[in-house]
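# Structural features, examined
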Amino acid sequence: MDGLEALFANRVLWAAMLGWAIAQTFKVMLTFIVYKRWDFSRMFGSGGMPSSHSSFICALATAVAITRGFQSVEFAISFALALIVMYDAAGVRRSAGKQAAAINQIIQDMMKRGSKLTQDHLKELIGNTPFEVIMGALLGVLVAILFV
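My aim in this report is to walk through the structure given alongside it, one point at a time. Quick caveat, the model's predicted, so the values are computed rather than measured.

Let us look at the nonpolar core. Grouped together as the largest cluster of nonpolar side chains are 19 residues, with contacts concentrated most on I57, L60 and M86. The dominant element in this core, judged by the number of residues it contributes, is helix α3 (residues 52-68), at 8 residues. With sequence-adjacent residues up to four places away left out, M86 is seen in contact with S54, C58, V133 and A137.

Here we come to the packing of helix α4 (residues 73-90) against helix α6 (residues 130-147). In the contact formed by α4 and α6, the axes pass within 9 Å of each other and the chain directions differ by 145 degrees. Judged by the sense of rotation from one axis to the other, the crossing of α4 with α6 is right-handed. Contacts between α4 and α6 involve M86, A89 and A90 from the former and P130, V133 and A137 from the latter.

Now for the packing of aromatic side chains. Throughout the structure, instances matching the rule amount to 6 aromatic pairs. Taken together, a centroid distance of 5.7 Å and an interplanar angle of 35 degrees make the contact between F75 and F79 tilted. Of this pair, F75 and F79 both sit in helix α4, 4 residues apart, which is roughly one turn of the helix. With relative accessibility at 41%, the residue F79 sits in the partly exposed group. Taken together, the ring pairs in this structure connect F32, W38 and F40 into an aromatic cluster. A cation sits over an aromatic face here: R11 above F147, 4.4 Å from the ring centre.

On the surface, a nonpolar cluster with roughly 930 Å² of combined accessible area is contributed by F26, M29, L30, F32, I33, V34, Y35, W38 and F40. Structurally, L30 is set in helix α2 (residues 11-35).

For the rest of this paragraph, the subject is the environment of T67. Mapped onto the secondary structure, T67 falls in helix α3. Judged by its relative accessible area of 42%, T67 is partly exposed. When sequence neighbours within four positions are dropped, the list of residues in contact with T67 reads V12 and V148. A polar atom in the side chain of T67 sits 2.9 Å from the backbone oxygen of A63.

Right, let's get into α2. Taking 1.5 Å as the rise per residue, α2 with 25 residues should run 36 Å; its terminal C-alpha atoms sit 36 Å apart, in good agreement. Burial in α2 covers these residues: V12, A15, A16, G19, A23, Q24, K27, V28 and T31. Elements that come into contact with the buried residues of α2 comprise α3 and α6.

Parameters and conventions
- Residues numbered from 1 in each chain as written.
- Predicted model: local features only at pLDDT ≥ 70, side-chain atom pairs only at ≥ 80, totals over all residues.
- Heavy atoms only, no water.
- Core = buried A, V, L, I, M, F, W, Y, C linked by side-chain atoms within 4.5 Å.
- Buried < 20%, exposed > 50% of the residue type's maximum accessible area, 1.4 Å probe, protein only.
- Helix = DSSP H or I, 4+ residues; strand = E, 2+ residues; numbered from the N terminus.
- Contact = heavy atoms within 4.5 Å.
- Axes fitted to C-alpha atoms, helices over the stretch in contact; angles between N-to-C directions.
- Left-handed = near helix turned anticlockwise from the far one by under 90°.
- Phe/Tyr/Trp six-rings, centres within 6.5 Å; stacked < 30°, edge-to-face > 60°.
- Lys NZ or Arg CZ within 6 Å of the ring centre and 35° of its normal.
- Patch = residues over 30% accessible without salt bridge, like charges linked within 9 Å, V, L, I, M, F, W, Y side chains within 5 Å.
- Areas by Shrake-Rupley, 256 points an atom, 1.4 Å probe, with all protein chains shown as cover.
- Salt bridge = Lys/Arg side-chain N within 4 Å of Asp/Glu carboxyl O.
- Polar contact = N/O pair within 3.5 Å; in protein donor to acceptor, adjacent residues only side chain to side chain.
- Expected span 1.5 Å × (residues − 1).

Okay, structure coming up:
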């Protein structure tokens, strides 16, 4: 099997990609349900419900566990990576989003008071709540169990 054929036959990789794609599709659907509008930019955006980062990495770790075993080095590496990704989603990136919201508000207030300040609007939805991370993780595990 050549490199490209092997890549396309890699069910572990496909499980992770499918976990991401399903999570992103849910974001589009949930945006429609909540706001009554289609926002297809959510298909490639970060943040929101469920966490696509968590879904991707948990599908990967679960698929590795299924194919290589819980005792494998590969699972240990993917599990450690999953913890880092989920911590980052609910911690660092969520904090950065809150800071962006505060900065955007300060700039908006300054501009209302006549400031000539020009600043692009900072992206605020870049992280996840712990609940969004947990739901993404559960989605990823389920996708891997059903797919691999």
